[in-house]
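These are the residues of each chain, in order.
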Amino acid sequence: MGQKINPLGFRLGTIQGHHSLWFAQPKNYSKGLQEDQKIRECIKNYVQKNMRISSGVEGIARIEIQKRIDLIQIIIHMGFPKLLVEGKPRRIEELQMNVQKELNYVNRKLNITITRITKPYGHPNILAEFIAGQLRNRVSFRKAIKKAIELTEQADTKGIQVQIAGRIDGKEIARVEWIREGRVPLQTIRAKIDYCSYRVRTIYGGIRHQNLDICRRGIK
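This is a predicted model, so every value here is computed, not measured. (Residues numbered from 1 in each chain as written. Predicted model: local features only at pLDDT ≥ 70, side-chain atom pairs only at ≥ 80, totals over all residues. Heavy atoms only, no water.)

A. Representation of the overall build of the chain in the model. Counting its secondary structure elements, the chain contains six helices and eight strands. Across the chain, helices and strands are ordered from the amino to the carboxyl terminus as α-β-α-β-β-α-α-β-α-α-β-β-β-β. In the chain, which comprises 220 residues, the share counted as buried stands at 42%. Just so you have it, the chain exposes about 13400 Å², and 48% of that area is on carbon and sulfur atoms. (Helix = DSSP H or I, 4+ residues; strand = E, 2+ residues; numbered from the N terminus. Buried < 20%, exposed > 50% of the residue type's maximum accessible area, 1.4 Å probe, protein only. Areas by Shrake-Rupley, 256 points an atom, 1.4 Å probe, with all protein chains shown as cover.)

B. Looking closely at the sheet that holds strand E1 (residues 20-21). Spatially, the four strands line up as an open sheet ordered E1-E2-E3-E4, and their pairing is mixed. In this open sheet, the two edge strands, each paired with only one partner strand, are E1 and strand E4 (109-116). Both strand E2 (residues 60-67) and strand E3 (residues 71-78) contribute to a ladder of seven bridges, which runs antiparallel. The partner of Ile-60 across the bridge, within E3, is Met-78. (Pairing = 2+ DSSP bridges.)

C. Molecular detail of unusual backbone geometry. A positive phi angle is found at Arg-138, which is not glycine, with a value near 65 degrees. Along the chain, Arg-138 turns up in the loop between helix H5 (124-136) and helix H6 (141-154). Notably, Asp-156 is not glycine yet its phi reads approximately 60 degrees, a positive angle. With respect to the element layout, Asp-156 can be found in the loop between H6 and strand E5 (159-166). Owing to a relative accessible area of 52%, Asp-156 belongs among the exposed residues under this scheme.

Next up, the structure:
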């Protein structure tokens, strides 16, 4: 059987970097990982509650965390930052206070910055949220995927591969469907591949797994 590997971990150290940059002793390493997970969950929950968007797309491509002795720097890469900041310019400070309160930071300073992404639908996390919103609204999965492919073509990507598994369209027997458009060389380390796995709960009671691979840059 073929051995599956995460495309991002496969390219670490070559063209892919870590989303968390910090150092810890082996006995404290698990605490650092749990802290990163809590930070990301706290930010996503806040954005989900305060973002005004009808499609349900949060627009967070990735959250980078850089830890120092007395400072934690968080960089949020968003596709639609205006929808979060618009109307409330102090919303970033409010988010910062929420994260500090959640993690009980006393001796460490927290700094949050938001970076805008020029082509949001070229990132798999944002695209997966778009497909999930379509599936929750009971749109046919083929229509949702075709629309997602059109959005990625507008973002000047080289190719996309989408896989959906679960009770698709309310069928009682779970199955796997996948569509590929363009070129997605998963085994080529020099190719810039972005990957995302996303779950969505629908009214049918099933959980659909979405795996998205987007080739953003070909081989030079």
